[in-house]
Amino acid sequence: MFLKNVWQVAAFARELKDAPLTRTLLGEEVVLFRTTTGAPAALLDECPHRLAPLSLGKVVDGVLQCGYHGMCFDGTGACVRAPGQETPPSKTKAHSFPVVERHAFVWIWMGDPELADEARVPDIFWMTDPEWAISEGYHHVAANYQLLNDNLLDLSHETFVHAHTIGNAAVADSPLTVTQGIGNLGQNAVRAHRDMLNCEPPPFYVKAAGFTGQIDRWHTTIFTPPAFNIIENGSMPAGSNKEEARQKGLTRERRVINLITPESETSSHYFWAIARCYALDDAELTDYIQLEVARTFDEDKIILEAQQRKLKGAHFDAFPVTLRADAGAVQARRMMARVLAEEKQRQGEP
Ligand code: FES
Ligand SMILES: [Fe+2]
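All chains use their own residue numbering, which begins from 1 and follows the written sequence. Working convention: letters from A go to chains and numbers from 1 go to ligands, in the order in which they are written. Whole-chain, interface and lining totals are the exception, using all residues; otherwise, since this is a predicted model, local features are given only for residues with pLDDT of at least 70 and side-chain atom pairs are given and counted only at 80 or more. Note: side-chain values were computed over all heavy atoms of the structure, leaving out hydrogens and water.

**Concerning helix H7 (residues 327–346)**
Strands here mean DSSP runs of E at least two residues long; helices mean DSSP runs of H or I at least four residues long; both are numbered from the N terminus. Here the expected length of a helix is defined as 1.5 Å per residue gap, with one fewer gap than residues. Between the first and last C-alpha of H7 there are 29 Å, a value that for 20 residues agrees with the 28 Å anticipated at 1.5 Å per step. Among all positions in H7, only Gly-328, Ala-329, Ala-332, Arg-333, Met-335, Met-336, Val-339, Leu-340 and Glu-343 are buried. Buried residues of H7 fall within an arc of 165° about the axis and therefore sit on the same side. Opposite the buried face of H7, by more than 90 degrees, sit the exposed residues Arg-334 and Gln-345. Classification of residues uses two cut-offs on accessible area relative to the type maximum, computed with a 1.4 Å probe and protein chains only: under 20% is buried, over 50% is exposed, and between them is partly exposed. For this quantity, the arc is that covered by the directions from the helix axis to the C-beta atoms.

Quick look at the structure:
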């Protein structure tokens, strides 16, 4: 069920400090730490000696010391010290995973290490670009990652789930346009776009973007496998020409960066960030967006976890009813089924 030959988020870079960090990713318990150079490293959270979780140990001079009998492992998993003997057992290795720190995240490659090309890390440059301000957060969601993809590709739910923040009737009432294949992302991308014209600004748009009169609003979810959903959203005074409004500084545009890493078949790590390209120095606004979006995603979490409980392990594509608004989610699921089958085929699995 998991796509492995892809970079996925293991942690916010800021989470990796002096202590080891343990996290279950794609069903594997992984321990993350920083080596002598400050670079991140990831090992299976299991000591090859007697299987104690390495995360119970500590980082000593940039190597990870097992908390049981003190064997030490470097970032490649090689044993560099073994207590009571001058030379460590040369063949002993903890299983290691390729990792890279980029765009304020630590990314992990859980598939074939030979294929771990750093050029394939998703380009979410907004995270560190001085032209954008970031509000960020994390939700643990007890639901399969594809339910989260469905949610982000069908934003008609904003009307019903998020009426107190970003939703109003205009979202669900406006038609969705779905396309596949986007510029440099190639064929493995789904784009779900909605324009909401001449509508009232929902509460969040009044407070976070300063609109009071009618607005034209748009959002576009760009999905790439397995669970990256970048939402471009924006708004401007109703009836404006978008380019002219941009030039006059009248648009309010954001990127909602949704990076989901499966924890298990029925749970997900949801790393998110909102990047805005206006009022960059307004720290109060940064905090306000963080709190409101966290509250908004709490609302999604309630629905998603309830959905997962209803599924009781049933096949996820077995939903009996499909609406027009599902078009993006349906295409993304088909794409996921295809890329998962291709990866299995390459690995020679049946
Ligand atoms: S279990 Fe790790 S050193 Fe013994
Ligand atoms: Fe939502």
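**Let's talk about the coordination of the iron ion (ligand 2)**
Donor atoms are limited to N, O and S found within 2.8 Å of the metal ion, a distance that becomes 3.2 Å for Na, K and Ca. With water left out, some sites might look partial. Protein ligation of the iron ion (ligand 2) involves His-157 (NE2), His-162 (NE2), Asp-300 (OD) and Asp-300 (OD), the donor distances falling in the range 2.1 to 2.4 Å. Any coordination sphere not matching a tetrahedral pattern (four donors, all angles between 85 and 135 degrees) or a square planar or octahedral pattern (four or six donors, opposite donors over 155 degrees apart, other angles between 65 and 115) is reported as irregular. Around the iron ion (ligand 2) sit four donor atoms; with metal-centred angles ranging over 58 to 146°, the donor geometry is irregular. The motif formed by the donor residues of the iron ion (ligand 2), counted along the single chain, is H-x4-H-x137-D.

**Considering helix H6 (residues 283–311)**
Given a rise of 1.5 Å per residue, 29 residues ought to cover 42 Å, and the 42 Å separating the end C-alpha atoms of H6 matches this to within 8%. Immediately downstream of H6, the backbone of Lys-312 shows phi near 45°, a positive value.

**A look at the sheet that holds strand E11 (residues 105–109)**
With antiparallel pairing, three strands are arranged side by side in an open sheet as E1-E11-E10. On the outer flanks of this sheet lie strand E1 (7–12) and strand E10 (99–102), each paired with one strand and no other. Pairwise comparison of adjacent strand axes, ignoring direction, gives a mean angle of 35° for this sheet. Whether two strands pair depends on DSSP finding at least two bridges between them. Sheet topology note: the E1/E11 ladder contains five bridges and is antiparallel. Within the sheet, the bridge partner assigned to Val-9 lies in E11 and is Trp-107. Think of each axis as a best-fit line through the C-alpha atoms, taken over the contacting stretch in the case of a helix, with angles from 0 to 180 degrees between the N-to-C directions.

**Let's talk about the packing of aromatic side chains**
Ring geometry is summarised as follows: Phe, Tyr and Trp rings, the Trp one being its six-membered ring, pair when their centres sit within 6.5 Å, and such pairs are stacked at plane angles under 30 degrees, edge-to-face over 60 and tilted between the two. This model, assessed by the stated rule, comprises 13 aromatic pairs. Between Trp-107 and Phe-228, the aromatic rings sit 6.2 Å apart at their centres with planes inclined by 70°, giving edge-to-face as the arrangement. In this pair, Trp-107 sits in strand E11 while Phe-228 sits in strand E16 (residues 228–237), placing the two residues 121 residues apart along the sequence. Exposure class is identical for Trp-107 and Phe-228. Each is buried. Among the aromatic side chains, those forming a connected cluster through ring pairs are Phe-12, Phe-105, Trp-107, Tyr-138, Phe-228 and Phe-271.

**With respect to the domain arrangement of the protein**
Taken domain by domain, the protein holds domain 1 (7–120) and domain 2 (125–346). An automatic or database domain assignment provides the domain bounds reported here. Put simply, the middle of domain 1 and the middle of domain 2, counted by C-alpha atoms, are 33 Å apart. With 17 residues of domain 1 in contact, the opposing surface of domain 2 contributes 16 residues. In short, buried area is how much 1.4 Å probe accessible area vanishes from two parts on joining, totalled over both. Taking both partners together, domain 1 and domain 2 bury about 1,300 Å²; carbon and sulfur atoms supply 68% of that area. Each reported salt bridge corresponds to a side-chain nitrogen of Lys or Arg within 4 Å of a carboxyl oxygen of Asp or Glu. At the junction of domain 1 and domain 2, the tally comes to one salt bridge. With a shortest N-O distance of 2.6 Å, Glu-136 and Arg-14 are connected by a salt bridge. Polar contact is the term for a pair of N or O atoms within 3.5 Å; when the atoms are in protein, one must be able to donate a hydrogen and the other to accept it, and sequence-neighboring residues count only if both atoms are side-chain atoms. Linking domain 1 with domain 2 are five residue pairs in polar contact (both at pLDDT 80 or more). For the side of domain 1 that touches domain 2, the secondary-structure elements that each account for two or more residues are E1, strand E2 (21–25) and E11. Contacts are residue-level and defined by heavy atoms, with any inter-residue pair within 4.5 Å sufficient.

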